[in-house]
Structure formats: C-alpha cells, structure tokens
Amino acid sequence: METPDSKTKASPPQQQEPDLKRPKMSTATSEDEDAAATTPGDDTTIKKQRYKRRKIAIFLTYCGVGYQGMQKNPGAKTIEGDLEEALFHAGAVPEHDRGIPKRYDWARSARTDKGVSAVGQVVSGRFYIDPPGLVERLHSNLSPQIRIFGYKRVTGSFNAKKFCDRRRYVYLIPVFALDPCAHRDRESVLASLGSGSELVKCLQCSERGRKVVGAVGKRSFESKSDVSPTEIWSNDKDTTVKSEIKEEVSGLMDNGDGDIRNSESVNETKVFKNEDDGKKSETTESGISSNSEDANANPEIKDEIMVSIENGDDKNTTSEEEAIKGSGFCYGEKEKERFNRILNYYVGSHNFHNFTTRTKAEDPSAQRYIISFDAKTTFTVEGIEFVKCEVVGQSFMLHQIRKMIGVAVAIMRNCACESLIQTALQKHVNINVPTAPEVGLYLDECFFTSYNQKWKDSHEELSMKDYEEEADEFKMKHIYSHIATTEHKEGSVALWLHSLNYRNYPDLRLCDNGDNITCEDNNGRESTMVENMTECTT
C-alpha cells in the first residue's frame, strides 16, 4: 500500500514534446525570381536562379528563298516554323509549350508569301530572356538566311499584329521591264521580222518560257570547260540542248500559236568562249542577246544562226552593238513621272478584290487603304539596274502588291492604258490581272506609331533605327544579291514579260473603246457592261 510519502517521492511522468509544425508548401512558381535550397551537410545556402517570362518584341530579317512563306504550315518549310524551334532550343520556350504558340502569346506583324523576304519583320511573345545572350543562342539554331537584330521589352498587352499601324514593302523591278521594246510577246516579234524594228530583241527568249543564258543583264558567262564548241556539242546531253534551240528558232519563225501556260521552261543551255579570241559573250540590261538583230532581220537567216551557235561565230558583234544603242530606254524624268502617276492610282481606300485570290468583292477584307506608292530611286546590282518601288499601307492581301506591280508594268509597256487600274478597283467588276514574280518583293519595315506615342515615357521605341546598319548590310549581302542573281540565272522577270499579252490576259484590252467588261449586279448575276475608255497609245 502506497503511503503519502511514497507518492511525493515518485517521479512525475515524462511530458512529450509538441510536434513540430510541417513547413508550408512553397507557392513558388516559374514566375518567381529566386528559391532557396540547402545543401546537405553544409550550412551554406545556395540560391537557385529562376527566371520570369518577359513580353518582348523581336526584330528579325530573312531571305525567303527556299521557304514557303512566313506563316507556319504543317509539312512545309517556313520562317515561323524554324524560328519557333530556335526559340525552344535557345531556352526561351519551355518544353510543355513547344509547338503551341498560343501558350506564349505568339504574334507576327506581317505574313510574307512563298519566296518573299523581309528586312524589318517583328514578332512578339512571352519568353525567357535570361540568362544574357539570347540572340547568340538563337543564331546558333537558325540558318544564316534568318538573322535576329535584337529585342525590346513591351507592355503585357502588346501584340505585334494588332499594334502595327502600317507596313512598308519594296518591290525591285528591273528597268528593262519598263521598256516597251524589250522582251515583247511572240506576235509583236513575228510582226516586226524584216522591218529592222527594235521589237526583235528576244529571238532566243520566246513566249514558250525557254531560258537562254545571257538573255538578261550585263554579265559575262564562261563555259564549264576549255574544249572547243564542236567537242561540247558532240556530247549526247548537249546535243539534245542544241536541238531544242533549233526547235526554238524554227518555232519562232513559223506561224505557230504556242501557249506559255501549257509549256515548260527548260534549264540553262551551254554558253562557251569564242575560238578566235576567247572573248566571253556579253549582253545588256535591255535584254538583248547576241546575234539576235541580224538573225531576225530576215527569216531565211535562221540556218546561219545555227552555224553561229555551233561555231562560236562572232561576226555579228557590230550589229549587236548597234542594237544596244538602238533601244535608248532609260528611267529618266519623263519615265519616272509616268510610272509614279500610274502607281498613284492605288493610293487611298479602294476595293482590291481583283488584286488578290479567293476574296469576293463583298468581303470587307477586300477594302484596303494604301498610304503611299512611289518609285523614285534606282540602283544597280550585278549589272542590272533596278527601280525601287515602295508601297506603304495599313495591311495587304495575298499577292496584292505583286498584282499591283503587274498591272503597272503592263501599262508602262503599253499593253494596257492607265484607266485599267480605275476599272479594276470597281467593286462590281471582275477582271484578271497579271501577277509579277515574287523574287523582287520584300517587307521593308513595320511601324508602331500609336504604340510608341502612348508608351514613350515608360517603354523603348519600337523601330528599326537601332538596326539600320545591320539591315542595310543584310539587304546587300542576301536580298539584293539574290534578286539580281536569280534574274541572271533564271530570267524570272524577263520570261514573265512574255505573258503580258492579250492572249494570256484578254482583260488588258479594256482600254479600247467599246470593250465588254464582265460584272455582277446586286443579286450576284453576271452581266455585260460597256465602258467607253480612252484608247491606249501603242
């Protein structure tokens, strides 16, 4: 039995220590700047760096050759597709957002078509821009055809497409394309045979679309070997090319009615040195090919053309020099005034449904506003003189600029009259207009005037001012040289000029009095409207 003394002597029960509270779960996300981490066995705390996504505008340039345009398209090689992959590999886009541009607010200022280049393209989105060196990391994952100038921080609501006020495009058109006497259609060449007219400049560059080396621009071409022309032609493959040239000359001399739309272009033919003095064959910017004038002066001389081709005969050098002097076309003040007057018809708000594809006249998107359109400067690249056509507008539709240039060139070449543009801009008139080649077009700059005015006190100005030198260098090295080289090798503009005839584009005749124009009434029914227009001087 326990006594009171024993109760007092007994030790009190041991009290348990209270449980420690579990640490709260960290609410840190990928948006936090820093997170602390303790290394086991070490009292030092190492801070693990984490970065925030930042809304930025990226300025870039690219040469569009080999790409199917700017916009991403499954199964096609596009600028946007390559850029998205480069952003992922550079650490700007996380793994779970790869290939899903909506998750990082992707937007582009302009869409460029297949083969079209850009100098001042702008894209925006939320990206990891840290650690420093994002531009260098992007370049390591991009083709040399795509270069990043830099990036600038923008507001959280910024969108490169919606905040772009206007866009400036440039189209480089060779001066010879504006010469009515250069690269005329087959009918005009045939009509001028034996007359000594300047139209007989394109014997070898006929309406079939065949490319003959040296038909365009001032350039010297060498043979791939030093063997004689006879040995070159003895090759089986080259014999086939020779026979094709003979067929071309024969086809030009007869009264056949070939169609450029149903024929295929042929690759470059052999060009070789003359045996006598080893001089290279040379041509001019007006598209004059050697031995062309004498050959066309008389149809009976076509056999002599073949002899000249096979033997490298240069006896017609004097005639060629006379032909060069005969054209006398230059982009002087008179031509400049006329061309700019033609381009000025596009300025203002118009319905451009005839200058695009798959867009109806009733579609609100067919209404576009052109701020300015002029062609005041010229420059020479690789022996070809170009006219720089600059057009500024709020936005443009598919092929719109190329079709506007196509109509303007047709008017300059007297294939149509100036009133054709006013007719094509009418809402209830449907006509088919020519489309200039894509190679001469590029996006020059995107403007953000309203954004810069609103946020000038807190954010950097969005413009190409900081990148002008880099842009000019890229233009000369990649874009301008590509345009000139393509014209030398493929003659894209020279061959396209042969399509500017009434057989391919009957609507070009609308400048004549009393022509019928296909139009639609308010109920969508086609009808015929007679327009009295001023005759075109040819």
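Residues numbered from 1 in each chain as written. Predicted model: local features only at pLDDT ≥ 70, side-chain atom pairs only at ≥ 80, totals over all residues. Heavy atoms only, no water.

This brings us to the pattern of salt bridges. Applying the stated rule across the entire model yields 18 salt bridges. With its nearest N and O atoms 3.5 Å apart, the salt bridge here joins E438 to R402. Within this pair, whereas E438 is found in the loop between α12 (419-424) and β13 (441-447), its partner R402 is found in helix α11 (residues 400-412), the two being separated by 36 residues in sequence. Here E438 falls in the partly exposed class, since its relative accessible area comes to 29%. When salt bridges with common partners are traced through the structure, they connect R168, D444, E445, D472 and K475 into a single cluster. (Salt bridge = Lys/Arg side-chain N within 4 Å of Asp/Glu carboxyl O. Helix = DSSP H or I, 4+ residues; strand = E, 2+ residues; numbered from the N terminus. Buried < 20%, exposed > 50% of the residue type's maximum accessible area, 1.4 Å probe, protein only.)

On to the UniProt feature "active site" (unreviewed entry) in the chain, then. Mapped onto this structure's residue numbering, the UniProt feature "active site" (unreviewed entry) falls at D113. For D113, the position within the fold is in the loop between β4 (107-108) and β5 (117-128). Looking at D113, the relative accessible area reads 19%, which means it is buried. Those residues in contact with D113 that sit more than four places away from it in its chain are G69, L398 and H399. (UniProt positions renumbered as here; feature names shortened; annotations may be inferred. Contact = heavy atoms within 4.5 Å.)

Since the α-helix packs 3.6 residues into each turn, any two residues three or four apart lie on the same face. Across the eleven residues of helix α2 (residues 79-89), eight count as buried, placing the element largely inside the fold. What α2 keeps buried is the set I79, E80, G81, L83, E84, A86, L87 and F88. If you follow the buried residues of α2, they end up packed against β3 (53-62), β4, β5, α3 (134-139) and β6 (146-153). A distance of 3.1 Å separates the backbone nitrogen of G81 from a side-chain oxygen at the start of α2, and that oxygen is part of T78. Following α2 by one or two positions, G91 has its phi on the positive side, about 85°. (Polar contact = N/O pair within 3.5 Å; in protein donor to acceptor, adjacent residues only side chain to side chain.)

This brings us to the packing of helix α10 (residues 333-343) against α11. Packed helices, taken two at a time, are described by the angle between their axes plus the distance between the axes. Remark: α10 packs on α11, axes separated minimally by 10 Å, with the N-to-C direction vectors making an angle of 140°. In terms of orientation, α10 and α11 fall into the oblique class. By crossing handedness, the relation of α10 to α11 is classed as right-handed. Residue-level contacts link E335, R338, F339, I342 and L343 of α10 to A408, I411 and M412 of α11. (Axes fitted to C-alpha atoms, helices over the stretch in contact; angles between N-to-C directions. Parallel < 35°, antiparallel > 145°, perpendicular 65-115°, else oblique. Left-handed = near helix turned anticlockwise from the far one by under 90°.)

Moving on: the environment of K114. Within the secondary structure layout, K114 lies in the loop between β4 and β5. Note: C-alpha distance between K114 and Q71 (43 residues apart in sequence) is 9.6 Å. Non-local contacts of K114, meaning those with residues more than four positions away in its chain, are made with Y67, Q68, G69 and E438.

So, on to the pairing of strand β11 (residues 367-381). The pairing of strand β10 (residues 348-351) with β11 spans four bridges and is antiparallel. Each bridged residue has a counterpart across the sheet, and for N351 the counterpart in β11 is Q367. In the sheet, β11 pairs with strand β12 (residues 384-393) via nine bridges, with the strands oriented antiparallel. Directly across from T378, in β12, lies its bridge partner V387. Following β11, the chain reverses through two residues before pairing antiparallel with β12; E382 in that reversal takes a positive phi of roughly 50°. (Pairing = 2+ DSSP bridges.)

By the criterion of burial, β5 is predominantly enclosed, with eleven of the twelve residues buried. Note: β3 against β5, nine bridges, orientation antiparallel. Within the sheet, the bridge partner assigned to R54 lies in β5 and is F127. In this structure, β4 lies alongside β5, joined through two bridges in antiparallel fashion. Directly across from A107, in β5, lies its bridge partner S124.

Another aspect to go through is unusual backbone geometry. In this chain, D130 is followed by P131 through a cis amide linkage whose omega measures -5°. Residue position: P131 is located in the loop between β5 and α3. Unlike most non-glycine residues, H399 shows phi in positive territory, near 65°. With respect to the helices and strands, the residue H399 is situated in the loop between β12 and α11. A relative accessible area of 22% places H399 in the partly exposed class.

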